[in-house]
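A structural walkthrough
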Amino acid sequence: MRYKSQSVAYWYFAVAMVLFGLQLVFGLLSAAKYLGPDPLLQFLPFDVTKVIHTNLLIVWVLTGFMGATYWMVPDESRTELHSTKLAYIQLGLWTAMGVTAVIGYLFGYGTGNKLLEQPLPHKLVIVICMLIFLYNIGMTIKKSGRFTTTEGVLLLGLGSAAVLYVPALLHYENYTVSIYYRWWTIHLWVEGVWEMIQGAFLAYLLIRLSGADREVMEKWLYVIVGLVFIAGILGTAHHYYWVGVPGYWLPIGGVFSALEPAALAGMAIYAYNALRRSGLSHPNKLALHWTLGSAIFTLFGAGLLGLAHTFPDVNKWTHGTLITAMHGHAAFYGAYAMIILAMITYALPRMTRRNEEGSSIGYWAFWLQLAGMFGMTLSFATAGIAQVYLERILGMGYLDVQLKIQVHFLMLVATASIFALGVGLFIFDFFRHAPRFVIDEPDPALTTPPTSDAAL
Ligand code: HEM
Ligand code: HEM
Ligand SMILES: [Fe+2]
């Protein structure tokens, strides 16, 4: 750790880890319900377990983004945070919001707007937390007078994510209008501004882990961010095919969303090249695994599996089926879960007694998660293909089809258990080293100029 105030990141990561574990409990509960008689039906029906599963996901990922930002900004701006007190107040408010929202869902208290189910008071707390956060980070950078491109992209992503939450605060009676604006938040988050956040963390990690030349890395960051933006904004239309808006959205959605994987391929190539050229010399190879893993799994889950159902001719069959769940899991995990796990793995040796190289538990956590998530993706895919065929091509009833595809949920539960074991090990590895906040030597990546073959 180079700055004392970076220690706040540890507590954000700790909260994120607990919520991640809880998210999986509700994921497994949701999956188990597909298998047959549900003893919990009266107290904890599927809609409740699923809403808690997806909301915990959003809350822990945002907690992770905040922690990683509090870790990265002092490093980049070479200064202490403006106020650690504000950062802790924000964490307290944020955690209370997340926990009470989950308790509320248990009692059916929510807005019913998928992924944005938070009741209005909770939404307002989210806005307050985001404002505190952006103020704290903004003041830190202003005070230091050092503002890097990587930080700029991160801030643009975080600031835009806050602005794009505004449509979620509004309520529309008309379902078409309501769903039209819902995507301004959800789609433009995951396929627009959150990509900037992922891109910025990726650049930060690659610069530090590979010693790659900052100027070259940041130039590429601009290109990727530009591509994501151009394709992602009009790509929103791939959610407008069947919601009751004019037909011209069909070709717009098909063409522009099909361009999005190009940016994701660019990001994976960029990460791979940076690491290959620098010779993988950094001792924290576990963080390298997570970093490169995130870039590659995003290309698979978001790029390839997104492309698989983004054209209207395909989407008219697959829309709202388990094909969507297949892609949703792989994309979210690769892009946002893995990049946070990469930031944690990079930062942890500086905040605890964990050694730089990591342990075999850390590697087991990585490979079990990867194998488990890959298996889960295949399970959802096979279930989804059967569902589309039986329900939409042969015209069988929805519930009859659910019985036919039960077998795929056995595979889902099995692979999800492998995945959950990997997450369990990651969480165990996180908490088994007590925090230790001491100021180390400056990061060598910042003092040694890169050699010519370290540059891209
Ligand atoms: C990291 C990036 C991405 C993430 C995290 C992500 C996640 C998701 C999630 C969670 C959904 C379900 C949303 C809902 O129904 O409420 C979804 C839907 C969808 N995604 Fe993505 N996605 C990403 C990138 C992409 C890309 C690049 C494409 C296209 C090339 C794509 C194509 C689609 C399509 C077509 C749907 C609608 C499925 C349907 O009609 O049911 N996604 N995505
Ligand atoms: C133990 C591991 C997990 C299990 C068993 C599990 C299971 C499930 C199930 C059964 C659903 C409901 C699907 C449906 O609507 O029929 C679901 C939804 C979802 N899960 Fe998971 N999940 C797990 C982990 C994760 C992780 C790690 C992520 C993200 C990083 C994630 C993201 C999502 C998303 C975005 C949805 C909504 C998808 C949609 O709207 O189609 N899940 N999950
Ligand atoms: Fe989308």
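Our subject in this report is the structure included herewith. (Residues numbered from 1 in each chain as written. Chains lettered and ligands numbered in written order. Predicted model: local features only at pLDDT ≥ 70, side-chain atom pairs only at ≥ 80, totals over all residues.)

**Focus: the overall build of the protein**
We count it as follows: Runs of H or I in DSSP of at least four residues are treated as helices and runs of E of at least two as strands, each being numbered from the N terminus. Throughout, radius of gyration means the C-alpha value; the globule benchmark is 2.2 Å times the number of residues raised to the power 0.38. Contact between two residues is assigned when their C-beta atoms, built from the backbone, lie within 7 Å.
Regarding its fold elements, the protein presents 15 helices and zero strands. On C-alpha atoms alone, the protein measures out to a radius of gyration of 22 Å, which is about the 23 Å that the 2.2 N^0.38 rule sets for 456 residues. Each principal axis of the C-alpha atoms in the protein carries an extent, and together these give about 65 × 45 × 40 Å. Restricting to contacts in the protein with at least 6 residues of sequence separation, those with at least 24 account for 83%.

**Description of the nonpolar core**
The condition that has to hold: In plain words, the nonpolar core is the set of buried Ala, Val, Leu, Ile, Met, Phe, Trp, Tyr and Cys residues that C-beta atoms within 7 Å link up. Each residue is classified by how many other C-beta atoms fall within 10 Å of its C-beta atom, where C-beta atoms are placed from the backbone; a count of 20 or more means buried, 12 or fewer means exposed, and values in between mean partly exposed.
If you look at the biggest cluster of nonpolar residues, it comprises 126 residues, and the most contacted ones within it are Leu 206, Ile 340 and Met 343. Tallying contributions element by element places helix H11 (residues 322–351) first for this core, with 21 residues. Residues contacting Leu 206, with those up to four places away along its chain left out, are Ala 212, Met 217, Ala 271, Ala 274 and Thr 291.

**What to know about helix H3 (residues 84–106)**
Note on helix geometry: an α-helix contains 3.6 residues per turn, so any two residues three or four positions apart are oriented the same way. Put simply, the rule is: Between the first and last residue of a helix there are one fewer steps than residues, each counted as 1.5 Å, and that sum is the expected span.
Helix length check: H3, at 23 residues, gives a terminal C-alpha distance of 33 Å against a target of 33 Å (1.5 Å per residue), a fit within 8%. For H3, the set of buried residues is Ala 87, Gln 90, Leu 91, Trp 94, Met 97, Gly 98, Ala 101 and Tyr 105. Looking at the buried positions of H3, the neighbouring elements they touch are helix H1 (8–32), helix H2 (46–77) and helix H4 (120–144). Phi turns positive, to about 75 degrees, at Gly 108, one or two residues after H3.

**Examining the site of ligand 2**
Counted only if it meets this: By convention here, the C-beta atom is placed from the backbone, and a residue is near a molecule or strand when that atom is within 6 Å of it. Under this grouping Gly is polar, as are all residues other than the nonpolar Ala, Val, Leu, Ile, Met, Phe, Trp, Tyr, Cys and Pro and the charged Asp, Glu, Lys and Arg.
Residues in contact with ligand 2 amount to 19 residues; listed here are only the nearest, Gly 27, Ser 30, Gly 328, Phe 332 and Ala 416. Taken together, the elements giving at least two residues each to the shell around ligand 2 come down to H1, H2, H11 and helix H14 (406–431). The dominant element in the shell around ligand 2, judged by the number of residues it contributes, is H11, at seven residues. Among the residues forming the shell around ligand 2, the class breakdown is eleven nonpolar, seven polar and one charged.

**Focus on the environment of Phe 409**
Within the secondary structure, Phe 409 is located in helix H14. Distance from Phe 409 to Ile 137, taken between C-alpha atoms, is 44 Å for residues 272 residues apart in sequence. For Phe 409, the contacting residues outside a window of four places in its chain are Ala 31, Tyr 34, Leu 35 and Ala 383.

**Here we look at the site of ligand 1**
Near ligand 1 you find 26 residues, and of these Ala 302, Gly 306, Gly 328, Ala 331 and Ala 335 are the closest. Elements represented by at least two residues in the shell around ligand 1 include exactly helix H6 (175–210), helix H8 (249–278), helix H9 (285–307) and H11. Per-element accounting of the shell around ligand 1 gives the leading share, six residues, to H11. For the shell around ligand 1, a count of residues per class yields nine nonpolar, 14 polar and three charged.

**So, the environment of Met 338**
You can see Met 338 is positioned in helix H11. In this structure Met 338 comes out as buried when scored by C-beta crowding, with 27 C-beta atoms within 10 Å. In the structure, Met 338 is positioned 40 residues away from Thr 298 in sequence and 9.1 Å away in space, judged by C-alpha atoms. Here Met 338 is in contact with Trp 290, Gly 293, Ser 294, Phe 297 and Tyr 333, once residues within four sequence places are set aside.

**Description of the packing of helix H5 (residues 149–163) against helix H7 (residues 214–235)**
The cut-off we apply is this: Simply put, an axis is a line fit to the C-alpha atoms, just over the touching stretch for a helix, and the angle between two N-to-C directions goes from 0 to 180 degrees. Angles are sorted into four bins: roughly parallel if under 35 degrees, roughly antiparallel if over 145, roughly perpendicular if 65 to 115, and oblique for all others.
Running from N to C, H5 and H7 point in directions that differ by 25 degrees, and their axes come no closer than 9 Å. The orientation of H5 with respect to H7, classified from their angle, is roughly parallel. Taking contact as the criterion, the partners of Thr 149, Thr 150 and Val 153 in H5 are, on H7, Glu 218, Leu 221 and Val 225. By residue class, the composition of the contact of H5 with H7 is three nonpolar, two polar and one charged.

**Considering unusual backbone geometry**
Even without being a glycine, Arg 78 presents a positive backbone phi close to 55 degrees. Checked against the element boundaries, Arg 78 lands in the loop between H2 and H3. On the basis of neighbour count, Arg 78 is assigned to the partly exposed category, with 15 C-beta atoms found within 10 Å. Of note in this structure, Leu 115 is not a glycine but carries a positive phi near 75 degrees. Checked against the element boundaries, Leu 115 lands in the loop between H3 and H4.

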